[in-house]
Amino acid sequence: MPHTRPTTDIAKGGLFNIIENNLDLPSLKTLDIFGGTGSISYELNSRGVEDLTIVEKDNEMADFIKRTAKELNVPLKLYKMDVFQYLKQCTEKYNFIFAGPPYALTTIDQLPLLIFEKELLEPEGWFVLEHTPRNNYKSYPYYRDERNYGTTIFSIFINRPELKK
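Residues numbered from 1 in each chain as written. Predicted model: local features only at pLDDT ≥ 70, side-chain atom pairs only at ≥ 80, totals over all residues. Heavy atoms only, no water.

Asker: Tell me about the sheet that holds strand 3 (residues 76–79), and please be specific about residues and values.
Answerer: Sheet strands associate in pairs through backbone hydrogen bonding, adopting either a parallel or an antiparallel arrangement. In spatial order, the strands read 3-2-1-4-5-7-6; together these 7 strands make up an open sheet with mixed pairing. Looking at strand neighbours, the two that pair on one side only are strand 3 and strand 6 (143–149), the edges of this open sheet. Mean inter-strand twist for the sheet, computed between neighbouring axes without regard to direction, equals 15 degrees. Relative to strand 2 (residues 51–55), strand 1 (residues 29–33) runs parallel, the two being bridged by 5 bridges. Looking at strand 2, one finds that K29 is bridged to D51. Its contacts with the sheet put helix 2 (residues 39–46) on strand 1, strand 2, strand 3 and strand 4 (94–99), and the angle it makes with strand 2 is roughly 175 degrees. Of the strands in this sheet, strand 2 and strand 3 are in contact with helix 3 (residues 59–72), which crosses strand 3 at around 165 degrees. (Pairing = 2+ DSSP bridges. Helix = DSSP H or I, 4+ residues; strand = E, 2+ residues; numbered from the N terminus. Axes fitted to C-alpha atoms, helices over the stretch in contact; angles between N-to-C directions. Contact = heavy atoms within 4.5 Å.)

Asker: Can you lay out the nonpolar core for me, pointing to particular residues and giving the numbers?
Answerer: Within soluble globular proteins, side chains that are nonpolar tend to cluster in buried spots. I33, L87, I97, L111, F127 and F157 are the most contacted members of the largest nonpolar core, which totals 26 residues. Elements with a contribution of two residues or more to this core: strand 1, helix 4 (83–89), strand 4, helix 5 (110–117) and strand 5 (121–131). Of all hydrophobic cores here, the second largest spans 24 residues; its members include L15, I19, L25 and L44. (Core = buried A, V, L, I, M, F, W, Y, C linked by side-chain atoms within 4.5 Å. Buried < 20%, exposed > 50% of the residue type's maximum accessible area, 1.4 Å probe, protein only.)

Asker: Help me get a handle on helix 3, residues and values and all.
Answerer: Here helix 3 is 14 residues long and its end C-alpha atoms lie 20 Å apart, about the 20 Å a rise of 1.5 Å per residue gives. Listing the buried residues of helix 3 in full gives M61, A62, F64, I65, T68 and A69. Seen end-on, helix 3 carries its buried residues on one side only, within an arc spanning 155 degrees. Of the residues in helix 3, the exposed ones pointing more than 90 degrees away from the buried face are E60, K70 and E71. Its buried side turned inward, helix 3 meets helix 2, strand 2 and strand 3. The N-capping residue of helix 3, defined by a side-chain oxygen 3.1 Å from the backbone nitrogen of E60, is D58. Downstream of helix 3 by a residue or two, N73 has a phi angle that is positive, lying close to 60 degrees. (Expected span 1.5 Å × (residues − 1). Arc of directions from axis to C-beta. Polar contact = N/O pair within 3.5 Å; in protein donor to acceptor, adjacent residues only side chain to side chain.)

Set out below in structure tokens:
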């Protein structure tokens, strides 16, 4: 089974504390892009989220997500496709979108722009982007806050008009 670095586990624990204190988890409709192992969605489900969608283009990871979801009895929709293709054609709206893209992704800076341009978040919906210190989103529309865990940073964007800048 693929595993994460200890810092990533600490970072994700911190992130979930923030999410739990600010959002009504059971009511969320969530999207996990660059799904990886699916751990974010399983964690959301363990905290009461039932409406889960994951996008992961890697065949091996997608199969892993499918198997694990079945074993854990986690109801989720899995799209095996490129994240940018999914976002461009998506007509759904979500309350919470999480992106943990590969750190080498060169188009990472387009993600927040695309999500708001396509209006994929409900009002007050959150988009959380995991990235390294070399990326900075403080000047982006809807940027709200960040949580820094050394090599892992979570930038938080909230779909609230006065946060547009």
